[in-house]
Amino acid sequence: MRPSNSDKGFVLPVVLAVGLIGILIGIMAVMHSTQNRMTSLAQRETSRSTAAAEAGIAKFQALFNRYPALAGYCSDTTCIPSSSITWQTLANQTLDACATNPTDRPSWIQPYADGVWNNISNNPADGQYRLVKYTYEPATSIPTDETPLGNGRLIVEGRVNLNEDNSTSYRTSVTRLEVEFQILQKAEEVGQFPGLWVSDSTTSTHSGSAIPANVWDSTCPSPSAPALKSKVQSPELYVSKPRDVFPLPNRAPRSIFPDLPPPPNPSPPGYYDLSTPINSSLTLPRSGDMPSNGFFVYQVPAPSDKSIDLSDSSSILTINDSANTIVLNLQGKLNVSSGGKILLTPGAKLIINVHNANTPPVDGDAITLNGSSTAPAIVQEDSTPKSTNVQIYNYSDKNVSLGAASQQLQLFLFAPNSTVSASTPIKGKVWAKSWQGSGSATILTDDTFNPADLTPIKFLWPPRVSLPTQWKRQDT
């Protein structure tokens, strides 16, 4: 039977339609594949530019750890609260108190402050990074060991796929990252506190026994041949500890040492003004004296030059209280020699503040502690004596003499503006401008030391940058 005329011409359109659909499907498949490839390439390049930005952030974190003060200033003047010092105006001495040219601006900071692109490495394929903005927000209250000094916010861009002349093209990928972190205090481990700490080793000497305790040398600039480096028992005990500066709330950049304690408030109860110097035997506290907040405070005058002058074997100052600390504020000098001594009964604690504040000032050593062949100038009767049971602070620039005894002297001595000369072994800590040791002088290790016992001193350690607390991408 012959096909109907109505079916004629129907097959060709169907075939053409099927073919066209096939072509369209093919085109769509190619387009989808191309789109996937382009998306994949874009994701890969974004990943690479993100890696470049992350590398830039790591470089800035390393920079903050090398120059802690840098983290305390904003990169421009848009900071809140505003500051006249920014990365644009920083001087060498702001970042490094030992800087050779203290008032000059460090040249290396200019590219960062100006937002210049910097190569990640010598390989151009690794890309570049630049600083967009850094802001520092200080703490609103005086920081403690448990609270941060402030918070930093760092915005960094990274880019990859540049032309040979470092210009951008349609292939260039840019990623902007923002990270936030805390600026923390880095407290020293108790065992790392130095037995001897000097701010000027160029005037320091030591011909006594090798020093078994930690020695910190904060001479500026660090000498090429430190006088004390060869005087320790093992090389790792000597540490070059340059000065650290950081903008803390209500406080100027810190110097090498902690601040000397402020004088006690001269008001009763617990505060007594002695009418005469201590130059003969005396026991403190006296009968009838009452403490305040765990302290007896005595102001000791110096009509001539000495507030305490114990210079014969019958002159003994006895500290006899295991529940409270005795504080002696000396207007003049401290002299214990020729058999005289200061005796602490078991559990007693003594703080001596030597001001040597006579007008006009009296020359000579501000502090002389010369024991005998059988006993040091200061004796602790406690079965487990501690160096922090005897704390002596020299507020003047007059020197300190510790000597004439084969018996060790156990104390904590802080004389930031003075030279300490010693010929006797010391178990404890000596922190001074310079040190001159001779004879049997040395600084012995002291397992009894705990910085928490130095209640008058507030330690502010160099800051460190924490790990990021927030991390996010920004639109470019």
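Located above this text is the structure these notes cover.
Residues numbered from 1 in each chain as written. Predicted model: local features only at pLDDT ≥ 70, side-chain atom pairs only at ≥ 80, totals over all residues. Heavy atoms only, no water.

### Topic: the sheet that holds strand 19 (residues 378-380)
So, point 1. With respect to topology, 4 strands assemble into an open sheet ordered 10-13-16-19, the strand pairing being parallel. Of all strands in the sheet, those with a lone pairing partner are strand 10 (282-284) and strand 19, marking the two edges. For this sheet the average axis-to-axis angle between neighbouring strands, irrespective of direction, equals 15 degrees.
So, point 2. In the sheet, strand 16 (residues 341-344) pairs with strand 19 via 3 bridges, with the strands oriented parallel. Within strand 19, the position partnered with Leu344 by the bridge is Gln380. (Pairing = 2+ DSSP bridges. Helix = DSSP H or I, 4+ residues; strand = E, 2+ residues; numbered from the N terminus. Axes fitted to C-alpha atoms, helices over the stretch in contact; angles between N-to-C directions.)

### Describing the packing of aromatic side chains
So, point 1. Across all of its chains, the model carries 21 aromatic pairs by this definition.
So, point 2. Taken together, a centroid distance of 5.6 Å and an interplanar angle of 50 degrees make the contact between Phe193 and Phe449 tilted. Here Phe193 is found in the loop between strand 4 (173-185) and strand 5 (196-198), whereas its partner Phe449 is found in the loop between strand 24 (442-444) and strand 25 (463-465), with 256 residues between them in sequence. Comparing Phe193 with Phe449, the two get one shared label, buried.
So, point 3. With 4.9 Å between their ring centres and 80 degrees between their planes, Trp197 and Trp216 make a pair best called edge-to-face. Taken together, the residues span a long stretch of sequence, with Trp197 in strand 5 and Trp216 in strand 7 (residues 215-217) at a distance of 19 residues.
So, point 4. Accessibility expressed as a relative area gives 2% for Trp197, which makes it buried. (Phe/Tyr/Trp six-rings, centres within 6.5 Å; stacked < 30°, edge-to-face > 60°. Buried < 20%, exposed > 50% of the residue type's maximum accessible area, 1.4 Å probe, protein only.)

### A closer look at the environment of Asp397
So, point 1. On the secondary structure map, Asp397 appears in the loop between strand 20 (390-394) and strand 21 (400-403).
So, point 2. The class of Asp397 is exposed, set by a relative accessible area of 54%.
So, point 3. Through-space distance from the C-alpha of Asp397 to that of His355 is 9.4 Å; in sequence the pair is 42 residues apart.
So, point 4. Not counting the four nearest positions on each side in its chain, Asp397 is found in contact with Asn417 and Ser418. (Contact = heavy atoms within 4.5 Å.)

### A short note on the nonpolar core
Inside soluble globular proteins, nonpolar side chains tend to come together where they are buried.
So, point 1. Counting 52 residues, the largest nonpolar core has Leu328, Leu334, Ile342, Leu369, Ile392 and Trp435 as the members making the most contacts within it.
So, point 2. The contacts of Leu328, once residues within four sequence positions are left out, are Leu284, Tyr298, Val300, Ile308, Leu317, Leu350, Ile351, Ile352 and Asn353.
So, point 3. Counting residues in hydrophobic clusters, the runner-up holds 33 residues, among them Leu95, Leu131, Leu154 and Leu177. (Core = buried A, V, L, I, M, F, W, Y, C linked by side-chain atoms within 4.5 Å.)

### What about the pairing of strand 15 (residues 333-336)?
One face of the sheet, then the other: side chains in a regular strand alternate in exactly this way.
So, point 1. With burial as the criterion, each face of strand 15 is covered, one bearing Lys333 and Asn335 and the other bearing Leu334 and Val336.
So, point 2. Pairing of strand 12 (residues 306-310) with strand 15 involves 4 bridges; the strand directions are parallel. For Lys306, the partnering residue across the bridge sits in strand 15 and is Lys333.
So, point 3. Of the strand pairs in this sheet, strand 15 and strand 18 (residues 367-370) are connected by 3 bridges, and their pairing is parallel. Within strand 18, the position partnered with Val336 by the bridge is Leu369.

### Brief notes about the side chain of Asn394
So, point 1. Here Asn394 shows up in strand 20.
So, point 2. A relative accessible area of 0% means that Asn394 is categorised as buried.
So, point 3. Apart from the residues lying within four places of it in its own chain, the contact partners of Asn394 are Leu260, Val354, Ala366, Ile367, Val400, Phe414, Ala415, Pro416 and Ser418.

### Re the pairing of strand 22 (residues 409-422)
So, point 1. Taking burial as the measure, the 14 residues of strand 22 include 12 buried ones, the bulk of the element.
So, point 2. The pairing of strand 20 with strand 22 spans 3 bridges and is parallel. Looking across to strand 22, one finds that Tyr393 is bridged to Phe414.
So, point 3. Looking at chain direction, strand 21 and strand 22 are connected through 3 bridges and run parallel. If you follow Ser401 over to strand 22, its bridge partner there is Ser421.
So, point 4. Bridge analysis of strand 22 against strand 23 (residues 425-437) gives 11 bridges, and the strand direction is parallel. Looking at the pairing, Gln410 lines up with Lys427 of strand 23.

### Focus: the pattern of salt bridges
So, point 1. Tallied over the full model, the rule gives 8 salt bridges.
So, point 2. Note that Lys133 and Asp76 form a salt bridge whose closest N and O atoms lie 3.0 Å from each other. Of the two residues, Lys133 is situated in strand 2 (residues 128-138) and Asp76 in the loop between helix 1 (11-66) and helix 2 (92-95); the sequence distance between them amounts to 57 residues.
So, point 3. Given the relative accessible area of 22%, Lys133 is considered partly exposed.
So, point 4. Lys386 is the salt-bridge partner of Asp453, the closest N and O atoms lying 3.0 Å from each other. You can see Asp453 sitting in the loop between strand 24 and strand 25 and its partner Lys386 sitting in the loop between strand 19 and strand 20, a full 67 residues away along the chain.
So, point 5. Classification of Lys386 by relative accessible area gives partly exposed; the value is 27%.
So, point 6. What emerges from the salt-bridge pattern is a single network uniting Arg130, Glu157 and Arg176. (Salt bridge = Lys/Arg side-chain N within 4 Å of Asp/Glu carboxyl O.)

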